[in-house]
Amino acid sequence: MEILEGPAVVAEPERRCVGIRVVTPFRGMFAVRDELMKELYAYAGLMFFRLHVVDMDGPMEIEAGVVTDEPPAGGRVRAGVLPAGRYATMTYVGHGRRANGTLIDWIRANDLAMDVAEDPAGDRFGCRYEAYLTDPRTERMKTRWQIGLAIRLADH
């Protein structure tokens, strides 16, 4: 993994989006993400992968989406928002699991609190996502994608 920018704390505005939200096991989650993203390729905008509920040993509640003002076309695609707030962010290329660990370690080392609640289903995040700064429609090699990782911080 190569860090291109950050880690840092940044203020993000609310952003309208459309997405498809599903529950899937951690194992195989990225294949599910890739299929969901293909369903969203008709939308113009920044693509993202959001983790709503994280349980590495059980079901994960995930969403593939696009930041856009376009209305959803229907079916599984729903309107939503990436909420405003203070986010810990980092831009990287390479291994996503390592990048997530690096950012979470940085958050803890700087005595910041994540917007996360423990839930019987897993850790429920206020907003945690990867934004694909490299367009997956034009660059098929995931190892070349520039990815912006963001985890919303608690209001403390």
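Residues numbered from 1 in each chain as written. Predicted model: local features only at pLDDT ≥ 70, side-chain atom pairs only at ≥ 80, totals over all residues. Heavy atoms only, no water.

**Things to note about the layout of surface pockets**
In this structure, the largest pocket spans a volume of roughly 450 Å³. Forming the walls of the largest pocket are 23 residues, and the residues nearest its centre are Phe30, Gly96, Arg97, Asn100 and Glu130. Elements supplying a minimum of two residues to the lining of the largest pocket: helix H1 (29-39), strand S3 (46-54), helix H2 (96-109) and strand S9 (128-132). Considering every element that reaches the lining of the largest pocket, the biggest residue donor is H2, with five residues. Of the residues assigned to the lining of the largest pocket, the class counts are 12 nonpolar, six polar and five charged. (1 Å grid on protein atoms, 1.4 Å probe; cavity = no way out; pocket = protein on both sides within 12 Å on 5 of 7 lines; lining within 4 Å. Points joined across faces, edges and corners; volume = space filled by probe spheres on them. Helix = DSSP H or I, 4+ residues; strand = E, 2+ residues; numbered from the N terminus. Nonpolar A, V, L, I, M, F, W, Y, C, P; charged D, E, K, R; others polar.)

**Section: the pattern of salt bridges**
According to the stated counting rule, one finds 12 salt bridges in the structure shown. The shortest N-O distance in the salt bridge between Arg16 and Asp69 comes to 3.2 Å. In this pair, Arg16 is assigned in strand S2 (residues 15-25) and Asp69 in the loop between strand S4 (59-67) and strand S5 (78-82), connecting sequence segments 53 residues apart. We classify Asp69 as exposed; its relative accessible area is 60%. Residue Asp115 pairs with Arg152 through a salt bridge whose shortest N-O separation is 2.6 Å. Placement of Asp115 in the loop between H2 and strand S7 (116-119) and of Arg152 in strand S10 (residues 146-152) is noted, with a sequence separation of 37 residues between them. Residue class for Asp115 comes out partly exposed when judged on its relative accessible area of 22%. When salt bridges that share partners are traced, they join Arg21, Glu61, Asp119 and Arg124 into one network. (Salt bridge = Lys/Arg side-chain N within 4 Å of Asp/Glu carboxyl O. Buried < 20%, exposed > 50% of the residue type's maximum accessible area, 1.4 Å probe, protein only.)

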